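Coordinate inspection notes
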Amino acid sequence: MNAPIRRVAVSVMVLFALLFINLNYVQFIKAGAYRTDPRNPRTLIQDFNRKRGQIVNADGQAIASVQQTSGKLKYLRTYPAGPLYAAVTGYDSVSYGKTGLEADQDPILSGDSDQLFVRRLSDLVTGRQPQGGNVIVTVKQKVQQAAFDGLAAQSQFRGAVVALDPRTGAILAETSSPSFDPNQLSTHDSASEKSAFTRLNSDETNSPLLNKALKESYPPGSTFKTIVSAAALANGFNPQTKVPAGLQYVAPGTSTPIKNDDGTACTGDPTTLLDALRVSCNTAYAHLGVTLGTDKIRKQANAFGFDADISNDSIHAAQSKLGAIVDQPSLAQSSIGQRDVRMTPLQGAMIAGAVANNGTEMKPYLVSDVQGPDLLSLGKTSPSQYGQPMTPAVAQQLQQMMQSVVSDGTGKKAQISGVTVGGKTGTGTERRRQARHSVVHRIRDRRRQASGGGSRRAGPGRRGGQVRSRLRSAARFSKPLLRLRGSDECDHGCVTGWPLPAGLADCRWRHGRGLAGTRRGAGPLGRTEDHARPALHRSGLRRPVPGRGAEHRAAAPPPA
């Protein structure tokens with residue numbers, strides 16, 4: 001064989017070898033990635049030609065189902081309640097992928113889970129049509145409806161509600177406002193789907209695709225004083241301990257004072273710890289935080305779940321953060337819920353639940369059971385403890401203090417006849433916006449407990465009477481949830497809400513029989529509070545990307 005022919009033969013052999021290697025790479029190494037790539041039309045057709053499982057609420061009602069069609073895609077995903085459960089289910093879109101439980105529980109719903117391997121094998125042998133399993137959630141219809149209606153009635157506000165059972169951590173309601181109709185994104189009409197997604201995704205003011213109950217955080221304002229109170233009670237203080245409460249407080253290392261809302265010395269100087277919480281005394285808590293020190297405040301906040309990932313298989317939440325505390329002035333600001341402190345509605349409900357549950361904080365969960373297509377259970381969720389941020393003695397003292405807020409303090413509008421209610425109001429400042437918060441707990445029968453919290457944001461420059469009006473309307477909002485206390489739907493519960501119009505926040509906790517709620521734009525009660533300096537950062541939004549849905553990220557802090 002002469003040299004030219006030999007070179008051609010070697011080249012051909014090398015090309016065949018490379019082709020063989022690439023074939024094996026595609027077939028065995030990249031096969032999974034190609035199969036699950038959202039741009040793969042075969043996978044898309046396969047997904048929509050298999051009967052997807054249902055998402056069912058705690059009352060047995062399907063909140064996500066399928067409808068058979070005559071088109072190229074055999075099954076259409078439908079959401080019978082429309083926007084009511086959008087924050088829970090998310091959406092399953094042909095072009096834009098999946099969000100919420102549709103994404104988190106996709107292996108079960110699509111039938112691809114390892115738990116359904118035997119079923120898939122049986123379908124292959126018998127020729128039976130493959131289908132997905134079902135997901136049972138803890139959300140109860142009447143609780144969800146009450147929370148949704150409360151937010152919807154305040155169309156000028158943005159916000160969220162999370163209600164949970166403090167004994168187990170089971171989420172009884174989860175809603176975000178303004179909501180959206182997931183049916184508009186699950187349609188097989190590509191033009192309608194694109195139009196709906198473009199409209200929803202471009203609304204950066206209201207961010208309807210963002211689940212604000214889990215994926216957004218806000219300055220908690222004076223509701224953070226509940227955490228500072230817990231730290232104080234755990235370190236030798238009691239409700240009757242005297243604390244300084246002057247007209248203003250200037251932390252060591254600064255000349256900028258922290259003042260009270262109305263410029264007074266609260267109930268006197270000094271005042272009791274109970275009265276300081278009752279009237280939401282800024283100067284007392286700024287001084288108290290500095291007295292306790294950064295380590296004790298951070299330790300208590302971390303015990304509740306701050307700066308920790310509380311996500312699990314059915315819940316993916318943003319972190320609540322205490323932020324950097326670099327000196328005593330920043331510690332004073334953080335102790336009244338300002339500066340860099342951020343909290344999610346879910347975290348607020350967990351804290352409320354810990355107070356209601358005598359100091360024991362439970363892990364929140366949304367999925368109670370997963371089932372095969374034959375409705376046999378594949379695994380129920382067992383309640384588990386997140387931590388013990390307080391002793392029972394501290395929790396009971398904190399309950400007493402929070403009850404005084406509602407009985408004779410800033411939270412009077414949260415009073416309910418025949419029920420002992422406790423709470424905490426607050427105003428957080430975020431650049432030019434204010435965030436109204438309140439926390440409420442109630443006790444009627446110590447064997448039956450529930451608690452809740454929420455927040456909302458109000459617009460630039462809205463202070464005084466306008467703010468108080470919003471707080472009163474928030475109190476009215478929570479009462480439908482509280483009044484469910486005697487029903488099976490709300491025998492026990494814990495609610496957090498986050499209303500945010502142009503800039504208010506409201507958060508409340510309560511324990512007792514039933515559950516409490518909050519809505520955006522209005523809080524139970526409260527007062528405007530002046531702070532030495534506004535919070536130094538705010539949250540931001542990132543637009544959803546195909547296949548991933550809405551995401552949340554924290555924006556970089558602006559220059560001081």
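A quick note: this is a predicted structure, and the numbers were derived from the prediction, not measured.

Reading the values: rules and limits
- Residues numbered from 1 in each chain as written.
- Predicted model: local features only at pLDDT ≥ 70, side-chain atom pairs only at ≥ 80, totals over all residues.
- Heavy atoms only, no water.
- Core = buried A, V, L, I, M, F, W, Y, C linked by side-chain atoms within 4.5 Å.
- Buried < 20%, exposed > 50% of the residue type's maximum accessible area, 1.4 Å probe, protein only.
- Helix = DSSP H or I, 4+ residues; strand = E, 2+ residues; numbered from the N terminus.
- Disulfide = S-S within 2.5 Å.
- Pairing = 2+ DSSP bridges.
- 1 Å grid on protein atoms, 1.4 Å probe; cavity = no way out; pocket = protein on both sides within 12 Å on 5 of 7 lines; lining within 4 Å.
- Points joined across faces, edges and corners; volume = space filled by probe spheres on them.
- Phe/Tyr/Trp six-rings, centres within 6.5 Å; stacked < 30°, edge-to-face > 60°.
- Contact = heavy atoms within 4.5 Å.
- Salt bridge = Lys/Arg side-chain N within 4 Å of Asp/Glu carboxyl O.
- Patch = residues over 30% accessible without salt bridge, like charges linked within 9 Å, V, L, I, M, F, W, Y side chains within 5 Å.
- Areas by Shrake-Rupley, 256 points an atom, 1.4 Å probe, with all protein chains shown as cover.
- pLDDT = per-residue confidence, 0-100.
- Nonpolar A, V, L, I, M, F, W, Y, C, P; charged D, E, K, R; others polar.
- Axes fitted to C-alpha atoms, helices over the stretch in contact; angles between N-to-C directions.
- Parallel < 35°, antiparallel > 145°, perpendicular 65-115°, else oblique.
- Left-handed = near helix turned anticlockwise from the far one by under 90°.

The biggest cluster of nonpolar side chains holds 46 residues, and the ones touching the most others in it are Phe 224, Tyr 285 and Met 390. For this core, the elements supplying multiple residues, two or more each, are α12 (225–233), α13 (273–278), α14 (282–292), α15 (294–304), α16 (328–334), α17 (345–356) and α18 (392–408). With 38 residues, the next largest nonpolar core counts Leu 164, Leu 185, Ile 315 and Ala 317 among its residues.

A word on the state of the cysteines. Per the stated rule, a full pass over the model turns up 1 disulfide. Between the sulfur atoms of Cys 266 and its disulfide partner Cys 281 the distance amounts to 2.0 Å. Sign of the S-S torsion, about 85° for the bond between Cys 266 and Cys 281, identifies this disulfide as right-handed. A residue pair is termed long-range when its members are at least 10 positions apart, and Cys 266 in the loop between β11 (258–259) and β12 (271–272) and Cys 281 in the loop between α13 and α14 qualify at 15 residues.

Let us now look at the pairing of strand β6 (residues 134–137). Neither face of β6 is exposed, since Asn 134 and Ile 136 on one face and Val 135 and Val 137 on the opposite face are all buried. Two elements, strand β1 (residues 55–56) and β6, share 2 bridges in a ladder whose sense is parallel. Note on β6: the bridge partner recorded for Ile 55 is Val 135. One ladder, built from 4 bridges, connects β6 with strand β14 (residues 367–371); its direction is antiparallel. When the sheet's bridge partners are listed, Val 137 is paired in β14 with Val 367.

Evaluation of the coordinates by the stated rule reveals 3 cavities of 30 Å³ or more. Taken as a whole, the largest cavity encloses approximately 80 Å³ of empty space. Residue lining of the largest cavity: Asp 47, Phe 48, Arg 50, Arg 52, Val 66, Tyr 75, Leu 76, Arg 77, Asp 92 and Lys 98, and that is the complete set. Among the secondary structure elements, those contributing two or more residues to the lining of the largest cavity are α3 (41–48) and β3 (75–78).

As a further point, take the sheet that holds β3. Read across the open sheet, the 6 strands follow the order β3-β2-β1-β6-β14-β15; overall the sheet is mixed. Lying at the two open borders of the sheet, with one neighbouring strand each, are β3 and β15 (377–380). Pairing analysis gives 3 bridges linking β14 to β15, with the strands arranged antiparallel. Looking at the pairing, Gln 371 lines up with Ser 377 of β15.

Let us now look at the packing of aromatic side chains. Inspection of every chain in the model, using the stated rule, returns 3 aromatic pairs. Judged by centre distance (6.1 Å) and plane angle (80°), the ring pair of Tyr 91 and Phe 180 falls under edge-to-face. Placement of Tyr 91 in the loop between α4 (86–89) and β4 (92–93) and of Phe 180 in the loop between β8 (171–177) and α9 (183–186) is noted, with a sequence separation of 89 residues between them. The same class applies to Tyr 91 as to Phe 180, namely buried. An angle of 75° between the planes, with centres 5.9 Å apart, marks the rings of Phe 224 and Phe 306 as edge-to-face. Taken together, the residues Phe 224 in the loop between α11 (212–215) and α12 and Phe 306 in the loop between α15 and α16 connect sequence positions 82 residues apart. Residue Phe 224 is classed as buried on the basis of its relative accessible area of 1%.

Here we take up the side chain of Arg 119. With respect to the element layout, Arg 119 can be found in helix α7 (residues 117–126). Given a relative accessible area of 19%, Arg 119 falls into the buried group. In this structure, Arg 119 is in contact with Arg 128, Gln 131, Pro 373 and Asp 374, ignoring residues within four places of it in sequence.

A complete count under the given rule lists 12 salt bridges for this structure. Among the salt bridges present, the one from Arg 77 reaches Glu 102, with a minimum N-O distance of 2.8 Å. Of this pair, Arg 77 sits in strand β3 while Glu 102 is found in helix α5 (residues 100–104), placing the two residues 25 residues apart along the sequence. For Asp 408, the salt bridge identified is with Lys 412, shortest N-O distance 3.8 Å. What emerges from the salt-bridge pattern is a single network uniting Arg 52, Arg 77, Asp 92, Lys 98, Glu 102 and Asp 106.

This part is about a nonpolar patch on the surface. A contiguous nonpolar surface patch, about 610 Å² in accessible area, is contributed by Val 10, Val 14, Leu 15, Leu 18, Phe 20 and Ile 21. Position of Leu 15 relative to the elements: it lies in helix α1 (residues 3–29).

Our next topic: the confidence of the model for the chain. Averaged over every residue, the pLDDT of the chain is 78; residues scoring 70 or more account for 76%. Mean pLDDT across the elements of the chain ranges from a minimum in strand β21 (residues 539–545), with 32, to a maximum in β1, with 97. Here residues 442–476 is modelled with pLDDT under 50, and outside its nearest four sequence neighbours on either side it reaches 199 contacts, counting other chains as well.

Quick look at the layout of surface pockets now. Size it by volume and the second largest pocket reaches roughly 380 Å³. In terms of lining, the second largest pocket is formed by 27 residues, of which the most central are Ala 87, Thr 99, Gly 100, Asn 211 and Lys 215. When contributions to the lining of the second largest pocket are tallied by element, the ones reaching two or more residues are α4, α5, β8 and α11. In terms of residue class, the lining of the second largest pocket is made up of 14 nonpolar, 8 polar and 5 charged.

Each pair of packed helices can be summarised by the angle the axes make with each other and by the distance between the axes. For the pair α12 and α14, the least separation of the axes is 10 Å and the interaxial angle reads 45°. Considered as vectors, α12 and α14 are oriented oblique to each other. The way α12 lies across α14 gives a crossing that is left-handed. Contact with α12, carried on its side by Lys 225, Val 228, Ser 229, Ala 231 and Ala 232, involves Asn 282, Tyr 285, Leu 288 and Leu 292 of α14 and no other residues of that element. A per-class count over the contact of α12 with α14 returns 6 nonpolar, 2 polar and 1 charged.

The peptide bond linking Ser 177 to Pro 178 adopts the cis configuration, its omega dihedral lying at 0°. As for its placement among the helices and strands, Pro 178 is situated in the loop between β8 and α9. Even without being a glycine, Asp 307 presents a positive backbone phi close to 60°. By the element assignment, Asp 307 lies in the loop between α15 and α16. Taking the relative accessible area as the measure of exposure, Asp 307 reaches 33% and is therefore partly exposed. Of note, Leu 375 is a non-glycine position whose phi angle comes to about 70°, a positive value. Note that Leu 375 resides in the loop between β14 and β15.

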